[in-house]
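Take a look at the letters that make up each chain.
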Amino acid sequence: MKVVLFCGGLGTRLREHSDTIPKPLVNVGDRPIIWHLMRYYAHYGHNEFILCLGYRGDLIRSYFLNYNECMLNDFTLSEGGKRIELASTDLDDWKITFVDTGLNSNIGTRLQLIRKYLEHEETFLANYSDGLSDLPLDQHIDAFQESGAIGGFVAVRPQQSFHCVNTSPNGLVNSIESMSGAELRINGGFFCLKNSIFDYMREGEELVEQPFSRLMASKRLWANRYDGFWAPMDTYKDKVSFDKHHADGNCPWMVWKRDTLRSVTGSCKESDRKFDGCINGKVKVIGKGGI
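1. What about the overall build of the chain?
Next up, step 1: Across its full length, the chain carries 8 helices and 18 strands.
Next up, step 2: A buried classification covers 46% of the 291 residues belonging to the chain.
Next up, step 3: Considering only residue pairs separated by 6 or more positions, the chain has 71% of its internal contacts joining residues 24 or more positions apart.
Next up, step 4: For the chain, the computed accessible surface area is about 14900 Å², with 49% contributed by carbon and sulfur atoms.

Following this line, the structure appears as structure tokens:
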């Protein structure tokens, strides 16, 4: 399936860190968040991408046009520098289409503008490009297909540190609980969409407002309640949190590393136990609905 990545927004809430670069190019470790997201999709066999560009789209184009596999992968140099053998590659089998979808376009408009690239796709995937997860994508897609819905997304718990307050009409407080602990869900992206989604869209509309309202009215909108790892890159605080994950070697979204360990050894070495894919030396097995 093709993967549509919405990476044209201004990212205003992260401007204190990324005033000169678009949010998708903000690094998590030594690679930008959009690379991590694309690597995630490629791990599940979805390696054809359509990038909906906008703010500083030139920098995103430049990043991939000048991507040097040798700078971030192990390689062997021989014959006086004439021969380079890569131990592994990142995007050798990726196909990326870059489309300028406007500086101020909303998500719905960006999707409409790349419709011609999806003509032969019965189902396609889409993402906001500013969040990472260890969501078992193959199971997510299968469940969406079984639902008979036209649009689907992952519904996750909010990450904010605010508290929900429940009061009676006279103002007396009945309960206070953290947003993450409350029975609240937000749209975490990781969309699955049938091509017929375009029949529910009108020019200029935001995807999750009018079109999704029409899908709800016809009972064709589905959400996967997921309690595994999901985190956004929305603010500078989120950036710091991602950096800590990476520095600690605790990167649950790197499913390609977890599954490589599983396929090669069936268990984790002592040195790998900081990685979130391991519990007591054994590899976590993901099932429907979470870990």
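2. A word on the packing of aromatic side chains
Next up, step 1: Throughout the structure, instances matching the rule amount to 16 aromatic pairs.
Next up, step 2: A centroid spacing of 5.9 Å and a plane angle of 90° characterise the contact between Trp 35 and Trp 256, whose relative ring orientation is edge-to-face. Taken together, the residues span a long stretch of sequence, with Trp 35 in helix H2 (residues 33-43) and Trp 256 in helix H8 (residues 255-264) at a distance of 221 residues. The pair formed by Trp 35 and Trp 256 is uniform in burial state, with each residue classed as buried.
Next up, step 3: When the ring of Phe 64 is compared with that of Phe 98, the centres are 6.0 Å apart and the planes differ by 55°; the resulting orientation is tilted. In this pair, Phe 64 sits in helix H3 (residues 57-65) while Phe 98 sits in strand S7 (residues 95-100), placing the two residues 34 residues apart along the sequence.
Next up, step 4: Overall, Phe 64 belongs to the buried group, its relative accessible area being 11%.
Next up, step 5: Phe 98 sits in the partly exposed class, given a relative accessible area of 26%.

3. Here we look at the side chain of Thr 101
Next up, step 1: Among the structural elements, Thr 101 can be located in the loop between S7 and helix H4 (107-113).
Next up, step 2: Those residues in contact with Thr 101 that sit more than four places away from it in its chain are Cys 52, Leu 53, Arg 110, Leu 113 and Ile 114.

4. A closer look at the nonpolar core
Next up, step 1: Counting 47 residues, the largest nonpolar core has Leu 5, Tyr 40, Tyr 41, Leu 51, Phe 242 and Trp 253 as the members making the most contacts within it.
Next up, step 2: Those elements giving two or more residues to this core turn out to be strand S1 (2-7), H2, strand S4 (48-53), H3, helix H5 (137-147), strand S10 (151-156), strand S16 (230-232) and H8.
Next up, step 3: Broken down by element, the residue count for this core peaks at 8 residues, all from H2.
Next up, step 4: The contact partners of Leu 51, leaving out residues within four places of it in the chain, are Leu 5, Cys 7, Ile 34, Ile 60, Phe 64, Ile 96, Thr 97, Phe 98 and Val 99.
Next up, step 5: Counting residues in each nonpolar core, the second largest holds 23 residues, with Ile 114, Leu 118, Phe 191 and Phe 198 among its members.

5. Digging into H2
Next up, step 1: Of all the 11 residues making up H2, 9 are buried; the element is thus mostly covered by neighbouring parts of the structure.
Next up, step 2: Residues of H2 that are buried: Ile 33, Ile 34, Trp 35, His 36, Leu 37, Met 38, Tyr 40, Tyr 41 and Ala 42.
Next up, step 3: The first or second residue beyond H2 is Gly 45, which carries a positive phi of 90°.

6. Side note on a nonpolar patch on the surface
Next up, step 1: There is a patch of nonpolar side chains on the surface, built from Val 165, Val 173 and Ile 176 and spanning about 280 Å² of accessible area.
Next up, step 2: Tracing the chain through its elements places Ile 176 in strand S12 (residues 173-178).

7. Some remarks on unusual backbone geometry
Next up, step 1: You will see that Arg 56, though not glycine, has its phi angle at about 50°, which is positive.
Next up, step 2: In this structure, Ser 129 is a non-glycine residue whose phi angle is positive, near 70°.
Next up, step 3: Relative to the helices and strands, Ser 129 is located in the loop between strand S8 (123-127) and strand S9 (131-133).

8. Some words on the environment of Leu 125
Next up, step 1: Summarising the element assignment, Leu 125 is placed in strand S8.
Next up, step 2: A relative accessible area of 1% places Leu 125 in the buried class.
Next up, step 3: Linking Leu 125 and Phe 191, residues 66 residues apart in sequence, is a C-alpha distance of 5.5 Å.

9. Let's talk about the pairing of strand S14 (residues 191-194)
Next up, step 1: Residues Phe 191 and Leu 193 of S14 are buried on one face, and the alternating residues Cys 192 and Lys 194, pointing to the opposite face, are buried as well.
Next up, step 2: Pairing analysis gives 4 bridges linking S8 to S14, with the strands arranged antiparallel. Looking at the pairing, Ala 126 lines up with Phe 191 of S14.
Next up, step 3: Pairing between S10 and S14: 2 bridges, direction antiparallel. Across the sheet, the residue bridging to Gly 152 is Cys 192, located in S14.

10. Comments concerning the pattern of salt bridges
Next up, step 1: In the structure shown here, the tally under the stated rule is 12 salt bridges.
Next up, step 2: We note a salt bridge from Asp 243 to Lys 239, for which the minimum N-O separation is 3.1 Å. Of this pair, Asp 243 and Lys 239 are both found in helix H7 (residues 236-247), 4 residues apart, which corresponds to roughly one turn of the helix.
Next up, step 3: Judged by relative accessible area, Asp 243 falls into the partly exposed class, the value being 30%.
Next up, step 4: Because the salt bridges share partners, they merge into one network encompassing Lys 2, Glu 48 and Lys 95.

Cut-offs applied
- Residues numbered from 1 in each chain as written.
- Predicted model: local features only at pLDDT ≥ 70, side-chain atom pairs only at ≥ 80, totals over all residues.
- Heavy atoms only, no water.
- Helix = DSSP H or I, 4+ residues; strand = E, 2+ residues; numbered from the N terminus.
- Buried < 20%, exposed > 50% of the residue type's maximum accessible area, 1.4 Å probe, protein only.
- Contact = heavy atoms within 4.5 Å.
- Areas by Shrake-Rupley, 256 points an atom, 1.4 Å probe, with all protein chains shown as cover.
- Phe/Tyr/Trp six-rings, centres within 6.5 Å; stacked < 30°, edge-to-face > 60°.
- Core = buried A, V, L, I, M, F, W, Y, C linked by side-chain atoms within 4.5 Å.
- Patch = residues over 30% accessible without salt bridge, like charges linked within 9 Å, V, L, I, M, F, W, Y side chains within 5 Å.
- Salt bridge = Lys/Arg side-chain N within 4 Å of Asp/Glu carboxyl O.
- Pairing = 2+ DSSP bridges.

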